[in-house]
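As a plain string of letters, each chain reads:
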Amino acid sequence: MASLLQQHCHTHPALLRPIGPVTRAIPPLYARGVSRPSPSDRSPTIGLVLGLVITFSAVLAYSAYITWQVTGLRKLQTELVDRNRKDSLQLLRIQNDLNLLAVAMRDMVSSDEPYPLTAWSAQFQRIRTDLDDAMRLEAGFAAASRTPEQSAFLTSSVTQFWDAVDRVFALAHDGQEKEARKQIQNSLQERQAALSTAVARFLVQNTENEEQAGQRIVQIYDRVQRQVYFFLAATLLAILLNGLSLIRWNRRLFARLAEISERRSELAQKLISTQESTLRYISRELHDEFGQILTAIGSMLRRAGTHAPEGSSLRADLQEVLETVQSTLDKVRSLSQALHPVMLDEAGLESTLDWYIPTIERQTGITISYEKQGKPFLVDGAAGVHVYRILQEALNNVARHSGAKQVSVRLRFLAQTLELEVRDRGAGFAESPNRRGIGLVAMRERSELMGGQLVVTRPTDGDGGTLVHLTVPREKAESYAKEDHSVTSR
Amino acid sequence: MAGLASWSQLSRLQSFAAQSAANNALGFRFTDVTSQAGIHFQHNSGAFGGKFLPETLGSGCAFLDYDRDGWQDILLINGSDWPGHKKSRTTLRLYHNNGNGTFTDVTARAGLDVELYGMGVAVGDYNNDGYPDILVTCVGQNRLFRNTGKGTFVDVTNAAGLGKREGFSTSALWFDYDRDGLLDLFVCNYVKWSLEADIFCSLDGKHKSYCTPEAYRGATCWLFHNRGNGTFEDVTATSGIFDSSSKSLGVALLDENRDGWPDLLVANDTQPNKLYRNQHNGTFKDAAVEAGIAFSSEGKARAGMGVDVADFDNSGAPGVAITNFDNEMIGLYRLSGKSFEDIAPQSGVGIASRNSLGFGCSFLDIDLDGWLDFAVANGHIDETVRNIRGNVGYAQPPQLFLNGGKGTFREVAAEAGDGFDHPKVGRGLAYGDFDRDGDLDLLITTNNGPAYLYRNDQLAGNRSIRFHVVGTKSNRDAIGASVRIFGAGMEQSRLVKGGSSYLSQSELPVTFGVEKRDRIDRVVIDWPSGQTEEYKNLATGRAYDCTEAKGIVPRDRY
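All figures in this text were calculated on a predicted structure; none of them were measured in a lab. (Residues numbered from 1 in each chain as written. Chains lettered and ligands numbered in written order. Predicted model: local features only at pLDDT ≥ 70, side-chain atom pairs only at ≥ 80, totals over all residues. Heavy atoms only, no water.)

## Details of the packing of aromatic side chains
The test is simple: Whether two aromatic rings pair depends on their centres lying within 6.5 Å, for rings of Phe, Tyr and Trp, where Trp uses its six-membered ring; planes under 30 degrees apart make the pair stacked, over 60 edge-to-face, and the rest tilted. Put simply, DSSP marks the helices as runs of H or I at least four residues long and the strands as runs of E at least two long, and each gets a number from the N terminus on. When accessible area is computed with a 1.4 Å probe and restricted to protein chains, residues below 20% of their type maximum are described as buried, those above 50% as exposed, and intermediate ones as partly exposed. We count a charge as sitting over a ring when the NZ of a lysine or the CZ of an arginine lies within 6 Å of the ring centre and within 35 degrees of the ring normal.
What the rule picks out here adds up to 41 aromatic pairs over all chains. Measuring from centroid to centroid gives 6.0 Å for F30 of chain B and Y454 of chain B, while their planes differ by 45°, and the two rings are tilted. Here F30 of chain B, found in strand β1 (residues 28–32), pairs with Y454 of chain B, found in strand β30 (residues 451–458); they are 424 residues apart in sequence, far enough to count as distant. Residue Y454 of chain B is classed as buried on the basis of its relative accessible area, which comes to 0%. Note on F52 of chain B and W82 of chain B: the rings are 5.2 Å apart at their centroids and 85° apart in plane angle, and the pair reads as edge-to-face. Highlighted residues: F52 of chain B in the loop between β1 and β2 (61–64) and W82 of chain B in the loop between β3 (73–76) and β4 (93–97), separated in sequence by 30 residues. Its relative accessible area of 4% is what places W82 of chain B among the buried residues. Grouped by ring-pair contacts, the aromatic residues F48, F52, W82, Y117, F168, Y190 and W193 of chain B constitute a single cluster. The residue whose ring lies beneath R248 of chain A is W249 of chain A, and the NZ or CZ to ring-centre distance is 5.7 Å. The ring of Y131 of chain B has R68 of chain B sitting right over it, with the charged end atom 5.0 Å from the ring centre.

Pasting the structure below:
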């Protein structure tokens, strides 16, 4: 029988004709405008890292710049402003001492104390100690801003003043009070005034220095402010560029993902249509060719049987062969029907299901309550195949995985949609990730091919199990064949 | 009505209970006994609108036992009306302690009803006759009143060689700087002011106001050496005291370097304070700058008013307090190494004194717990100060800082009782045990106002031990003697001293608080003559007479 079939296959012209989509060349994966990623834009990581590095660099550079400016500011503040202020304080101390000297000299000259001029020597000594200390400290602070000539003038003036003071007290000590007072008026007070003027000038100079330093500080602040804005802008730009490149890469990624998904869907649909046309072809061949051959053989055997004498062993043998042929024919027809119910093409979905459901009930031993609702409309052949296949897969899943003994199938012809529901109360299969076989994918693809929607849920009404719910828009169900999606047209 | 009465009674009881609880917490209570003691004094600054500088500063007060009856009498200094504006005759007042909580005004009987513009007072037995003599510092001529020993005083100013010397004198003190057994006299002068040299100062350009000291030239302090014959020699110039820039208001005796020679600390207003270190040869050297006490820690010359020196941390070293202007803290100094450290900010005294203008001040053990507390009389000089500084008043509460023993003080004036913390225009402040109950009572004078006598009563049962020290080789008042006591875990020291505070003088006997101890282990007295005496195992709760080289005699009470 096998060799006979083989031979027939080889000889039957139908087997030699191309079998539609199966033999069609599969288009390249990236054929539809999806270019292969070039090595440079294979991953956005490098770009992003670069952006990050730039941003970090900007922040680091900014921090470094600010630190540098602040250090400069601090230096200016401590070295110039603070130093200047300390110097001014010492100058004020000197000024105060000079004033004390002036007041003391005025008291000495006014002669309203009942004491000799020598009484003032301790007071002068105290002022001198303080003045020397102030001069020493002041010299340390003023080193930067003062010319050597100015410093020398101050030092020599003070020295000369104290020399003159010593001479005055020497005179007073010798009892020459009058002469001493004259010296105070003629020499000491003038020297004191000159010193006081010099110190006042230094104070003014310090104030000017302080003002200049203040201006410089303001300039630094202005510069820093400008640079802060610049760096802020640069950092923002870097962040912006980084963000833009991220968006660009994201979009590209999504586009590619969509294309891949489309390709995958296309492939799946092609797979389905190829499978469907192949099965249909085989089913037709089996039914038409082999069926006719086997029918012919059966007729020939029956005819031959009539020629054989009744009761002869030949007649009995022929009868046995005839039965075998008949059985083969039944099996071939059954296989053909299983591979592709011809009924679908000839009698439509509704009738096919009427035939299929009791058949599968018998085969699997599952009780199926089948219910039809609504006013039936003609379901296009290709759509009918998809619906039929989805039901077939769903029931197969029930039989194989759910362990349920009862399934309810409902086919609803609604005004806008065609709905198919398969509900079992078994273990359910939607939960396990390992169960995500090709079956469910194919069901989805088929539903999408019809522009429909397939939802597999686990109902929460307490009975558990699985509900497969297919919705196909009516116009798709009716006119699917008119579009270029037809499984049969391919 | 009855309900209202009982309600008011109840609230009075409640406030009394609260007061008692507070006082109990403090361990002492002040009672204002001024009126019941018979002290009816009103200070006359002479103010008539002329706004003369001296009007803002007076006057002082003193505790002294002028008749040696063992009871501390009270002397209150007074000003007078200015020439050309005479309205009444006012004099200083001497109140004799009757020993029963009352005083009798004996001014006239004592020959002290002299009209003068008095500022301060220094009490000391300069002639070693056993009776305290009185120097009254004045605007104009200072006066020296010798105690005749018969309850009267004689003005010996000219005879003593102190006459013909006009100034604006403030605080003064007696001390024996050359340790010759005779008390010498130190007098502070404020500024060169006289009616004729008065300067017109004004805040608004039209009306006269009181000048600040900056308007006037400073004036040197004076040092008079006691010749021992009832006369004095002006050694201001030769002793190194002379300083025409000083504007001195307070002076305190101390032994800063603990060399046994008396040094002086002078509080100057807007000028650096002076620490006159005794050079052992009749001269002094100002060491205030190197000792860190001339200026505030910011290097500013503050407005020093009153000053006191005492071993407030029981370290044996002198500690210093100087009262200053408002917005300037009190300076509270502790010896740290060789220089003073201002601990006012961290001690609790600084912050509490920022908004008050302090004058008289004294370290005294108010609660007899063995730690010297600190009392301050406050009051502004400008009646209109509140218009300028809202949180500072003309009249200000006195302050009482209780010593916590760890360099910290707590201000408790409000809890001391009987209106002690009522605002006053305080100036002078002195302490003395006028009721001989062993604790120290406070006398406060006010500018152009009354004097206040606050009796101190111990509530916690703390007791004291008091020493009346009498010099023989040393000056009879034993001024400059150091008295140290030692007891279970306790060591305290006092210097017998006049002066201190502001324009005032406290009693000369020294008082040690000993909490509830019955006895002290020993007392050590370092006499100005150089001798040291030690007495052991003394019962507390009484006073002792210690006479140099003659031993110690307990009194039967304080």
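## Some details on the sheet that holds strand β16 (residues 248–254) of chain B
All names here are of chain B. How we decide: A pair of strands is labelled paired if DSSP reports no fewer than 2 bridges between them. All axes here are fitted lines through C-alpha atoms, helices being fitted over the stretch that makes contact, and every angle between N-to-C directions spans 0 to 180 degrees.
The strand order across the open sheet formed by four strands is β16-β17-β18-β19, and the pairing between neighbours is antiparallel. With partners counted over all chains shown, the strands left at the sheet margins are β16 and β19 (284–286), one partner each. Pairs of neighbouring strands in the sheet enclose a mean axial angle of 25°, with direction left out of account. Taken together, the six bridges between β16 and strand β17 (residues 263–268) define a ladder with antiparallel strand orientation.

## Some details on the nonpolar core
For soluble globular proteins, the rule of thumb is that nonpolar side chains tend to be buried together. Note the threshold: By convention a nonpolar core is built from buried Ala, Val, Leu, Ile, Met, Phe, Trp, Tyr and Cys residues, the set being connected through side-chain atoms within 4.5 Å. Only heavy atoms enter the contact rule, under which two residues are in contact if any of them lie within 4.5 Å.
The biggest cluster of nonpolar side chains holds 87 residues, and the ones touching the most others in it are F124 of chain A together with W174, F175, F186 and F467 of chain B. In terms of residues, this core owes the most to one element, helix α5 (residues 148–173) of chain A, which gives 10 residues. Once residues within four sequence positions are removed from consideration, F124 of chain A is found in contact with L101, A104, M105, M108, W162, V165 and F169 of chain A. In terms of nonpolar packing, the next biggest core, distinct from the first, is built from 36 residues, L353, A383, V387 and A394 of chain A among them.

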